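Here's the letter readout for the chains.
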Amino acid sequence: MVFALVGLCILVYSFVDFKKSFILYLTYKLFLVTNITLISLPGIPLLTVEMFLTLMYILLFVSKHNKYQFAHTKFLFRAPFLLLVISWTLSALFALAGFKAEITFLIKTISEEVLLIWMMWETLETKEDYARLYKSITIVVFISCVYGLVEYIIQSNPLVMYEATLIQDESKMFLGQYSTEGRGYRIQSIFEHPIGAGINWSIYSVFTFWLWINQKDKVKLKKLALLTAFLCIPCVILTKMRSPLLFYMIAALSLVNFKKKRLYVFALCGIGALVVLFPLIKDNFVILASMFNENAAEKVSGSSFEMRILQMKQALQLLKMSPLTGLGVKFAQVLPKEVYVMLYGMESVWLSVTVQYGSLGILAYIVFMIYSIVIVPYRCKSNPLMFFALAYWVTYTASSLPGLKISLYFMVVFYFIKTSRYYRKAAETGKVYGCYLDHAKLKFGRIK
């Protein structure tokens, strides 16, 4: 009830100032997980607080026509996003479980991973917008770091346990907690899963260090932001997951710019941090080593390369049942378990896409990946954007990403785009591009 009331207050504020309210909601989303629900009764589609608020903001945004559309170029991800929507929709229409079983997940996916991201593109335009969002996110991430460290000390997460009581249908409950055997206790803090928690912390930490090294803009709460960025590092390690470490190492390549004097200061501080964190790194070194060594992977009960090959063979066998559109997200409700048991939760985007969305889905995700790593960074002449995208796709290929806040990732992506020379030149023309309904007619492209 508390989460719903806070969300309702933020939503009501949108009638006073939609943009500021939307920024508050993007921040509040960091707290929201699957178990925080409005409707969770057996036989009725699950309605989470996050999903309800997202749908409400989409409806409000659409009702504003083009009032809050400020983008000076067409949405750079419009082609891959359109392909994704087509793929998801066709998969749902021809799913083994039937369209009725798929429609709720389809609406959720399109709303959260397409429409909300497009809203961010259109609404967040100025440096002040990103500064306000960054400031509020800094406070939340700082809280999450402190709580994560406390969680590790007490070896328990009271918040997650409380959230589990908010869902009435236990079959739909999601608990991203693991046994302490093998790796020890894995923290997740306020987030849904240790993997997502670690990647969220990695995104914030590397982005903050990049801002400091490149002296970009006047960072709000500068000292708190840097402290939080450093606190994120032990928290990433204490998730005891390999995926966040992989993401951090790749994304951190964006910090390398030998022309920046602050890079050398940062390097010295980094050496000092390594010394301070040495006991923690030593205790968890086997997790890092498991990414490159099969024996270490066995010690931490991690997936091996051979296991991934077996999983892909199983996925390709299932693909033969529906080569073009896949089996749908809810295929497990129809097929006997022994048919897909080897997939082990499909711990890679390509496993889930192959089975659920078929060849069309594989094509859509490949196009999305190419746009993310090559086309958009090249157009914007942005190496940091390329490294963040590379980190995302390499990690997503190696593992599933439960608990990752995709809006946080795209906040960083859109910041790099909208501060690039390419976008600044487009802004000088004064043209505005968007998409909205006007008297039941869809208008898109240049709107001003």
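Bear in mind the structure is a predicted one, so any value in this text is a computation, not a measurement. (Residues numbered from 1 in each chain as written. Predicted model: local features only at pLDDT ≥ 70, side-chain atom pairs only at ≥ 80, totals over all residues. Heavy atoms only, no water.)

So, the overall build of the chain
- Scanning the chain from terminus to terminus reveals 20 helices and four strands.
- In the chain, buried positions account for 53% of the 448 residues. (Helix = DSSP H or I, 4+ residues; strand = E, 2+ residues; numbered from the N terminus. Buried < 20%, exposed > 50% of the residue type's maximum accessible area, 1.4 Å probe, protein only.)

Things to note about the environment of Asn257
- Position of Asn257 among the secondary structure elements: in the loop between helix H10 (242-251) and helix H11 (261-276).
- As a C-alpha pair, Asn257 and Ile213 span 44 residues in sequence and 8.7 Å in three-dimensional space.
- Filtering out sequence-adjacent residues up to four positions away, Asn257 remains in contact with Asn214 and Leu263. (Contact = heavy atoms within 4.5 Å.)

Focus: a nonpolar patch on the surface
- On the surface, a cluster of nonpolar side chains totalling about 560 Å² of accessible area is made up of Met1, Leu5, Leu8, Val12 and Phe15.
- Along the chain, Val12 falls in helix H1 (residues 2-13).
- By relative accessible area, Val12 is classed as partly exposed at 47%. (Patch = residues over 30% accessible without salt bridge, like charges linked within 9 Å, V, L, I, M, F, W, Y side chains within 5 Å. Areas by Shrake-Rupley, 256 points an atom, 1.4 Å probe, with all protein chains shown as cover. Salt bridge = Lys/Arg side-chain N within 4 Å of Asp/Glu carboxyl O.)

Looking at the state of the cysteines
- If you walk through the whole model with that rule in mind, you get zero disulfides.
- For the unlinked cysteine Cys145, the closest cysteine sulfur is that of Cys232, found at 3.7 Å.
- For Cys145, a relative accessible area of 0% gives the class buried. (Disulfide = S-S within 2.5 Å.)

Brief notes about the confidence of the model for the chain
- In the predicted model, the chain carries a mean pLDDT of 85, and 85% of its residues have values of at least 70.
- Here helix H14 (residues 294-299) stands out as the element of the chain with the lowest mean pLDDT, 56, in contrast to helix H4 (residues 78-93), whose mean of 96 is the highest. (pLDDT = per-residue confidence, 0-100.)

Describing the nonpolar core
- Residues Phe77, Trp201, Phe410, Phe414 and Ile417 are the most contacted members of the largest nonpolar core, which totals 118 residues.
- The element best represented in this core is helix H8 (residues 194-213), accounting for 13 residues.
- Counting 10 residues, the second-largest nonpolar core is a separate cluster that includes Leu327, Phe331, Leu343 and Val355. (Core = buried A, V, L, I, M, F, W, Y, C linked by side-chain atoms within 4.5 Å.)

Let's talk about H10
- For H10, a buried count of nine out of 10 residues is recorded, marking the element as mostly surrounded by other parts of the structure.
- Listing the buried residues of H10 in full gives Arg242, Ser243, Pro244, Leu245, Leu246, Phe247, Tyr248, Ile250 and Ala251.

Things to note about the packing of H4 against helix H5 (residues 99-123)
- At a minimum axis separation of 9 Å, H4 and H5 run at an interaxial angle of 170°. The orientation of H4 relative to H5 falls into the category roughly antiparallel. Residues Phe81, Val85, Trp88, Thr89, Ala92 and Leu93 of H4 form the contact with H5, whose own contacting residues are Phe99, Glu102, Leu106, Thr109, Ile110, Glu113, Val114 and Ile117.
- Grouping the constituent residues of the contact of H4 with H5 by class yields 10 nonpolar, two polar and two charged. (Axes fitted to C-alpha atoms, helices over the stretch in contact; angles between N-to-C directions. Parallel < 35°, antiparallel > 145°, perpendicular 65-115°, else oblique. Nonpolar A, V, L, I, M, F, W, Y, C, P; charged D, E, K, R; others polar.)

Let's talk about unusual backbone geometry
- In this structure, Ser189 takes a positive phi of about 55° despite not being glycine.
- You can see Ser189 is positioned in the loop between helix H7 (158-164) and H8.
- A positive phi angle is found at Lys240, which is not glycine, with a value near 60°.
- As for its position among the elements, Lys240 is in the loop between helix H9 (222-238) and H10.

Overview of the environment of Phe388
- Tracing the chain through its elements places Phe388 in helix H18 (residues 383-398).
- The spatial distance from the C-alpha of Phe388 to the C-alpha of Ser254 is 7.4 Å, given a sequence separation of 134 residues.
- When neighbours within four sequence positions are excluded, Phe388 is seen to be in contact with Ile203, Val206, Phe207, Phe247, Ala251, Ser254, Tyr409, Val412 and Phe416.

A look at the packing of aromatic side chains
- Applying the stated criterion across every chain, the model contains 37 aromatic pairs.
- With a centroid separation of 5.3 Å and an interplanar angle of 90°, the aromatic rings of Phe368 and Trp393 are classed as edge-to-face. Here the residue Phe368 occupies a position in helix H17 (residues 349-380), and Trp393 occupies one in helix H18, the gap between them amounting to 25 residues. Comparing Phe368 with Trp393, the two get one shared label, buried.
- Taking the centre distance of 6.0 Å and the plane angle of 65° together, the rings of Tyr415 and Phe416 count as edge-to-face. No difference in accessibility class separates Tyr415 from Phe416, as the two residues are buried.
- Directly above the ring of Tyr378 sits Lys381, whose terminal nitrogen or CZ lies 4.4 Å from the centroid.
- Sitting above the plane of the Trp121 ring, Lys418 keeps its charged end 4.6 Å from the centroid. (Phe/Tyr/Trp six-rings, centres within 6.5 Å; stacked < 30°, edge-to-face > 60°. Lys NZ or Arg CZ within 6 Å of the ring centre and 35° of its normal.)

Points about the packing of H5 against helix H19 (residues 406-418)
- The interhelical angle for the contact between H5 and H19, taken along N-to-C directions, is 35°, at an axis separation of 10 Å. Seen from above, H5 lies across H19 with right-handed handedness. In this structure, H5 contributes Glu112, Ile117, Met120 and Trp121 to the contact, and H19 contributes Ile406, Ser407, Phe410, Met411, Phe414, Ile417 and Lys418.
- For the contact of H5 with H19, the per-class residue count stands at eight nonpolar, one polar and two charged. (Left-handed = near helix turned anticlockwise from the far one by under 90°.)

Points about the pattern of salt bridges
- Throughout the structure, instances matching the rule amount to five salt bridges.
- Residue Asp129 is joined to Lys19 by a salt bridge in which the shortest nitrogen-to-oxygen separation is 3.0 Å. Separated by 110 residues along the polypeptide, Asp129 in helix H6 (residues 127-154) and Lys19 in helix H2 (residues 18-28) bring together distant segments of the chain. Accessibility classification places Asp129 together with Lys19 in one group, the buried group.
- Through salt bridges with shared partners, one network takes in Lys29, Glu50, Glu112 and Lys405.

Re the side chain of Lys418
- Relative to the assigned elements, Lys418 resides in helix H19.
- Here Trp121 takes part through its backbone oxygen, which lies 2.4 Å from a polar atom of the side chain of Lys418.
- Those residues in contact with Lys418, other than ones at most four positions away along the chain, are Ala71, Trp121, Leu124, Glu125, Tyr130 and Tyr423. (Polar contact = N/O pair within 3.5 Å; in protein donor to acceptor, adjacent residues only side chain to side chain.)

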